[in-house]
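Observations on the three-dimensional arrangement
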Amino acid sequence: MAENVEFDEEKLNGYDKEYSDSSLWEKIRDQAASIGMELICKALQLYYVAQSPSCPAKVKAGIFGALGYLILPLDIIPDIVPVAGYTDDAAAIGAALLLAQAYITEDIKTQAKEKIRDIFGDGYAEKL
């Protein structure tokens, strides 16, 4: 069931209401082991793309929808479900990455990696 979860921009609409910077940082800090560093890194790339003035509003809306979906604990597959709990969140992040791919620069990737280093230390950042 979890492998078939797909997201498109339309499905992400509405989840942007769940987004806030403080909720994102709290989710990352508190659920890092469950979410995984790769997914956190991709979420942070989206976060930094959304901060960019060159990012169009339509792309920002998709990003905030995906990040809001990541923050929300009760979604298609509740985050507390072992192993599969973040599969749908990964699909939402993946859909937003497709929308934002043209805006993910090396600088954005570096910012995401540096934020992981700040939060979790050098060991985690070096593995990405």
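Structure first, text after, so check above.
The notes below deal with the structure included here. Predicted model, so just to flag it, every value in this text is computed and none were measured.

1. Describing the overall build of the protein chain
For the protein chain, the count of helices and strands is 7 helices and 0 strands. In sequence order, the protein chain lays out its α and β elements as α-α-α-α-α-α-α. Relative to the compact-globule value of 14 Å for 128 residues, the protein chain shows a C-alpha radius of gyration of 14 Å, a close match. Dimensions of the protein chain, computed from C-alpha atoms along their principal axes, come out at roughly 35 × 35 × 25 Å. Long-range pairs, those at least 24 residues apart, make up 70% of the contacts in the protein chain between residues at least 6 apart in sequence. Accessible surface, the protein chain as shown: approximately 6800 Å² in total, 52% of it carbon and sulfur. Taken together, the 12 basic and 21 acidic charged side chains of the protein chain have centroids lying 4 Å from each other.

2. Overview of helix α6 (residues 106-120)
Across its 15 residues, α6 extends 21 Å between first and last C-alpha, which sits within 8% of the 21 Å expected from 1.5 Å per residue. Of the positions making up α6, those classed as buried are Ile-108, Ala-112, Ile-116 and Arg-117. Buried positions along α6 lie against α3 (37-51) and α7 (122-126). Following α6 by one or two positions, Gly-121 adopts a phi angle in the positive range, close to 105°.

3. Some thoughts on the nonpolar core
Nonpolar side chains in soluble globular proteins tend to be buried together. In terms of nonpolar packing, the biggest core is built from 36 residues, with Leu-24, Ile-40, Leu-44, Ile-63, Leu-67 and Ile-93 touching the most fellow members. At the level of elements, α2 (21-35), α3, α4 (57-71), α5 (87-100) and α6 are the ones that each hand at least two residues to this core. With near-sequence residues (within four places) excluded, Ile-63 lies in contact with Leu-46, Tyr-47, Val-49, Ala-50, Cys-55, Ala-96 and Ala-100.

4. With respect to the pattern of salt bridges
Two side chains bearing opposite charge may form a pair once their charged atoms approach each other closely. In this structure the tally under the stated criterion is 4 salt bridges. Here Lys-109 and Glu-106 are joined by a salt bridge, their closest N and O atoms 3.6 Å apart. Placement of both Lys-109 and Glu-106 in helix α6 is noted, with a separation of 3 residues, approximately one turn of the helix. Judged by relative accessible area, Lys-109 falls into the partly exposed class, the value being 35%. Taking relative accessible area as the criterion, Glu-106 reaches 58% and is therefore assigned exposed. In this structure, Asp-122 engages Arg-117 in a salt bridge whose closest nitrogen and oxygen atoms are separated by 2.7 Å.

Definitions and cut-offs
Residues numbered from 1 in each chain as written. Predicted model: local features only at pLDDT ≥ 70, side-chain atom pairs only at ≥ 80, totals over all residues. Heavy atoms only, no water. Helix = DSSP H or I, 4+ residues; strand = E, 2+ residues; numbered from the N terminus. Rg over C-alpha atoms; globule rule 2.2 N^0.38 Å. Contact = heavy atoms within 4.5 Å. Areas by Shrake-Rupley, 256 points an atom, 1.4 Å probe, with all protein chains shown as cover. Lys, Arg positive; Asp, Glu negative; His and termini not counted. Charge placed at Lys NZ, Arg CZ, Asp CG, Glu CD. Expected span 1.5 Å × (residues − 1). Buried < 20%, exposed > 50% of the residue type's maximum accessible area, 1.4 Å probe, protein only. Core = buried A, V, L, I, M, F, W, Y, C linked by side-chain atoms within 4.5 Å. Salt bridge = Lys/Arg side-chain N within 4 Å of Asp/Glu carboxyl O.

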